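The primary structure of each chain is shown beneath.
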Amino acid sequence: MSEKIATRAAYGEALVALAEEYPELVVLDADLSGSTMTKGFAKAHPDRFFNIGIAEANMTGIAAGLAACGKKPFTNTFAMFAAGRAFEQVRNSIAYPRLNVKVVGSHGGLSVGEDGATHQCIEDYAIMRAIPNMMVLSPCDGPEMRLAVKALLDYDGPAYLRLGRLAVESVTDSIPGYSFRLGKGAVLRDGADATVIATGMMVQMALQAARTLAEEGVSVRVVDMHTIKPLDYELVLKDALETRCIVTAEEHTVIGGLGSAVAEFLAEHCPVPVLRHGVHDEFGRSGKAQAVLEAYGLTPAGIADQVRQALKRKP
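Calculation criteria
- Residues numbered from 1 in each chain as written.
- Predicted model: local features only at pLDDT ≥ 70, side-chain atom pairs only at ≥ 80, totals over all residues.
- Heavy atoms only, no water.
- Salt bridge = Lys/Arg side-chain N within 4 Å of Asp/Glu carboxyl O.
- Helix = DSSP H or I, 4+ residues; strand = E, 2+ residues; numbered from the N terminus.
- Buried < 20%, exposed > 50% of the residue type's maximum accessible area, 1.4 Å probe, protein only.
- Axes fitted to C-alpha atoms, helices over the stretch in contact; angles between N-to-C directions.
- Parallel < 35°, antiparallel > 145°, perpendicular 65-115°, else oblique.
- Left-handed = near helix turned anticlockwise from the far one by under 90°.
- Contact = heavy atoms within 4.5 Å.
- Nonpolar A, V, L, I, M, F, W, Y, C, P; charged D, E, K, R; others polar.
- Pairing = 2+ DSSP bridges.
- Expected span 1.5 Å × (residues − 1).
- Phe/Tyr/Trp six-rings, centres within 6.5 Å; stacked < 30°, edge-to-face > 60°.
- Lys NZ or Arg CZ within 6 Å of the ring centre and 35° of its normal.

Note on pairing: side chains with opposite charge can pair once their charged atoms come close. Enumeration over the complete set of coordinates arrives at 17 salt bridges. A salt bridge links arginine 146 to glutamate 3; the nearest nitrogen and oxygen atoms lie 3.1 Å apart. Residue arginine 146 is located in helix H8 (residues 142-154), and its partner glutamate 3 is located in the segment before strand S1 (4-6); the two are separated by 143 residues in the primary sequence. Judged by relative accessible area, glutamate 3 falls into the partly exposed class, the value being 32%.

Packing of helix H1 (residues 7-18) against H8 brings their axes to within 8 Å, and their N-to-C directions diverge by 45 degrees. Classified by the interaxial angle, the pair formed by H1 and H8 is oblique. Where H1 crosses over H8, the two elements pack in a sense that is right-handed. Contacts from Thr7, Ala10, Tyr11, Glu13, Ala14, Leu15 and Leu18 of H1 reach H8 at Gly142, Met145, Arg146, Val149, Lys150 and Leu153. Taken together, the residues of the contact of H1 with H8 break down into eight nonpolar, two polar and three charged.

Contact geometry of helix H9 (residues 202-214) with helix H13 (residues 300-313) gives a least axis separation of 8 Å together with a crossing angle of 60 degrees. Classified by the angle their axes make, H9 and H13 are oblique. Crossing handedness for the pair H9 and H13: right-handed. In contact with Met202, Met205, Ala206, Gln208, Ala209, Thr212 and Leu213 of H9, H13 contributes Pro300, Ile303, Ala304, Val307 and Arg308. Here the contact of H9 with H13 is built from residues that sort into nine nonpolar, two polar and one charged.

Taking burial as the measure, the five residues of strand S5 (residues 102-106) include five buried ones, the bulk of the element. Burial of the side chains of S5 extends over both faces: Lys102, Val104 and Ser106 are buried on one face and Val103 and Gly105 on the other. Looking at chain direction, strand S4 (residues 72-78) and S5 are connected through five bridges and run parallel. Pairing of asparagine 76 across the sheet is with valine 104, part of S5. Relative to strand S7 (residues 159-162), S5 is paired through four bridges, and the arrangement is parallel. Of the residues in S7, the one forming a bridge with valine 104 is leucine 161.

Inspection of the secondary structure assignment puts glutamate 56 in helix H4 (residues 56-68). Residue glutamate 56 is classed as buried on the basis of its relative accessible area, which comes to 3%.

A few words on H9. For H9, which comprises 13 residues, the first-to-last C-alpha distance of 18 Å matches the rise-based estimate of 18 Å (1.5 Å per residue) to within 8%. Those residues of H9 that fall on the buried side of the exposure criterion are Met202, Val203, Gln204, Met205, Ala206, Leu207, Ala209, Ala210 and Leu213.

Turning our eyes to something else, we now look at the packing of aromatic side chains. Following the criterion strictly, the structure yields three aromatic pairs and no others. A centroid spacing of 6.2 Å and a plane angle of 15 degrees characterise the contact between phenylalanine 78 and phenylalanine 81, whose relative ring orientation is stacked. Owing to a relative accessible area of 12%, phenylalanine 78 belongs among the buried residues under this scheme. On the basis of relative accessible area, phenylalanine 81 is assigned to the buried category, the value being 13%. The positively charged end of arginine 85 is found above the aromatic ring belonging to phenylalanine 81, 4.3 Å away from the centroid.

Let us look at unusual backbone geometry. A cis amide bond, omega 0 degrees, links lysine 229 with the succeeding residue proline 230. You will see that methionine 37, though not glycine, has its phi angle at about 70 degrees, which is positive. Mapped onto the secondary structure, methionine 37 falls in the loop between helix H2 (33-36) and helix H3 (39-44). What makes methionine 37 partly exposed here is its relative accessible area of 23%.

Bear in mind that shape data such as this cannot, by itself, settle questions of function.
See the structure below:
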């Protein structure tokens, strides 16, 4: 049975595991280390951990200063505050001077459940993707998150990394030939009739949807697009040319996120039907995580329905 772990937990483990290899790594938290899972790093390396308190803008500015002095800072808070409350400091203090700060937003998407609409950040991809110089990532499982943290430590520049609250099935570690590269998507399942390009926990749902559709005789390719910016344009173009219809799946508004990035590119380079599956211009609601996801159709069945619709529009 595959490992089931929240990406936030895998992230916390990766920080501790890589601390000795990267002595420049420092971790800042906005008084949420128990939720963002930086508490393990705080315990192992108290001299390299800074609890700034509920002051996200100040934390961002401090991280910028540390980066300017040669450190590799990772800032941590909920996605709503990382992308929302600290936006101006992220834009002007980190991205504009292209400083080596990794902005980490935990508890992204609808799956934070009972935290309700105010804390269910479904705009973070769009906000961060719009900032010049900013890389945007949303790994789908624990193994991929660990690889992403290592890759980001080797990458010199600003990046936004989304973490999830829920424990999710590990899938990437069982795919033959899988490899992680920043800016490059991974084909987790090949197919000829349609492509689902997914990110975050929607990758696992896309794989389930593909298995369901296979029973109907539909061959679906599933792409894990862990890096939303820069988008893997080469792979997206290949998918469009070979399968002639695309469905994107994200735990995010359909405005400005992965679906927008894919549709914008293909509209200019290879117009094919693109259906964006996500939240359609509305806020979330409070409730159990699974119930909230189902209410918005962010399920394997929801993705499968989108593929069926895309096939009807296929040229």
